[in-house]
Amino acid sequence: MPETSPKRSFAAATFINQIGKGLFVSGAALFFTRSVGLPVAQVGFALGAAALIGLAAGIPVGHLADRRGPREVFRLAIVVQALAVAALVFVRSVPSLIAVLCVAELATRCLS
């Protein structure tokens, strides 16, 4: 753990966020296949597409944090991520699943 309090708080928040992400990925696959009724292959494709978008977003997000400041980007990302995850409840088709997961993954990439 880091020595200073702000760094310690950030490390704890990142740890909790990553545990939540792991729980989300496993729970989302079950939710969208069993409750919503989407095919397993399409849910896997949507999760994979969102992961690739998040992977590609690392450098642009870093430039945004350099221009706007890390606190502002972090605050905005938390709000966008919360709204995107809340919107997953209303997803009933594969295109909307891909769109919402991509937005959520972009926001998640801003937090890492």
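Rules behind the numbers
Residues numbered from 1 in each chain as written. Predicted model: local features only at pLDDT ≥ 70, side-chain atom pairs only at ≥ 80, totals over all residues. Heavy atoms only, no water. UniProt positions renumbered as here; feature names shortened; annotations may be inferred. Patch = residues over 30% accessible without salt bridge, like charges linked within 9 Å, V, L, I, M, F, W, Y side chains within 5 Å. Areas by Shrake-Rupley, 256 points an atom, 1.4 Å probe, with all protein chains shown as cover. Salt bridge = Lys/Arg side-chain N within 4 Å of Asp/Glu carboxyl O. Helix = DSSP H or I, 4+ residues; strand = E, 2+ residues; numbered from the N terminus. Buried < 20%, exposed > 50% of the residue type's maximum accessible area, 1.4 Å probe, protein only. Axes fitted to C-alpha atoms, helices over the stretch in contact; angles between N-to-C directions. Parallel < 35°, antiparallel > 145°, perpendicular 65-115°, else oblique. Contact = heavy atoms within 4.5 Å. Nonpolar A, V, L, I, M, F, W, Y, C, P; charged D, E, K, R; others polar. Core = buried A, V, L, I, M, F, W, Y, C linked by side-chain atoms within 4.5 Å.

- Under an unreviewed UniProt entry, the protein chain has the name MFS transporter and belongs to Actinacidiphila oryziradicis.
- Quoted verbatim from the Subcellular location (unreviewed entry) field of UniProt, the annotation for the protein chain is "Cell membrane".

1. Comments concerning a nonpolar patch on the surface
Phase 1 of the analysis: Together, Phe-15, Ile-16, Ile-19 and Leu-23 make up a nonpolar patch on the protein surface, roughly 450 Å² of accessible area in all.
Phase 2 of the analysis: Of note, Ile-19 is situated in helix H1 (residues 5-35).
Phase 3 of the analysis: For Ile-19, a relative accessible area of 42% gives the class partly exposed.

2. Concerning the pattern of salt bridges
Phase 1 of the analysis: On inspection of all chains with the given rule, the structure shows two salt bridges.
Phase 2 of the analysis: Notably, a salt bridge pairs Lys-21 with Glu-105, separated by 2.7 Å at the nearest N-O pair. Taken together, the positions of Lys-21 in helix H1 and Glu-105 in helix H5 (residues 94-111) put the pair 84 residues apart, joining distant regions of the chain.
Phase 3 of the analysis: A relative accessible area of 26% places Lys-21 in the partly exposed class.

3. Topic: the packing of helix H3 (residues 58-68) against helix H4 (residues 70-87)
Phase 1 of the analysis: Where H3 contacts H4, the two axes come as close as 6 Å, and the packing angle between them is 120°. Considering their axes alone, H3 and H4 lie oblique with respect to each other. Residues Leu-64, Ala-65 and Arg-68 of H3 touch H4, and the partners they reach there are Pro-70, Glu-72 and Val-73.
Phase 2 of the analysis: Of the residues in the contact of H3 with H4, the class split is four nonpolar, no polar and two charged.

4. Remarks on the nonpolar core
Phase 1 of the analysis: By size, the foremost hydrophobic cluster in this structure holds 14 residues, and its most contacted members are Phe-32, Leu-38, Val-43, Leu-88, Val-91, Leu-97 and Leu-101.
Phase 2 of the analysis: For this core, the element with the most residues is H5, which contributes five residues.
Phase 3 of the analysis: The residues contacting Leu-97, other than those within four sequence positions of it, are Phe-32, Leu-38, Val-43, Ala-46, Leu-88 and Val-91.

5. A closer look at the environment of Ala-46
Phase 1 of the analysis: Mapped onto the secondary structure, Ala-46 falls in helix H2 (residues 40-56).
Phase 2 of the analysis: For the pair Ala-46 and Glu-3, spaced 43 residues apart in the sequence, the C-alpha separation amounts to 40 Å.
Phase 3 of the analysis: Excluding residues within four positions of it along the chain, Ala-46 makes contact with Leu-97, Ile-98 and Leu-101.

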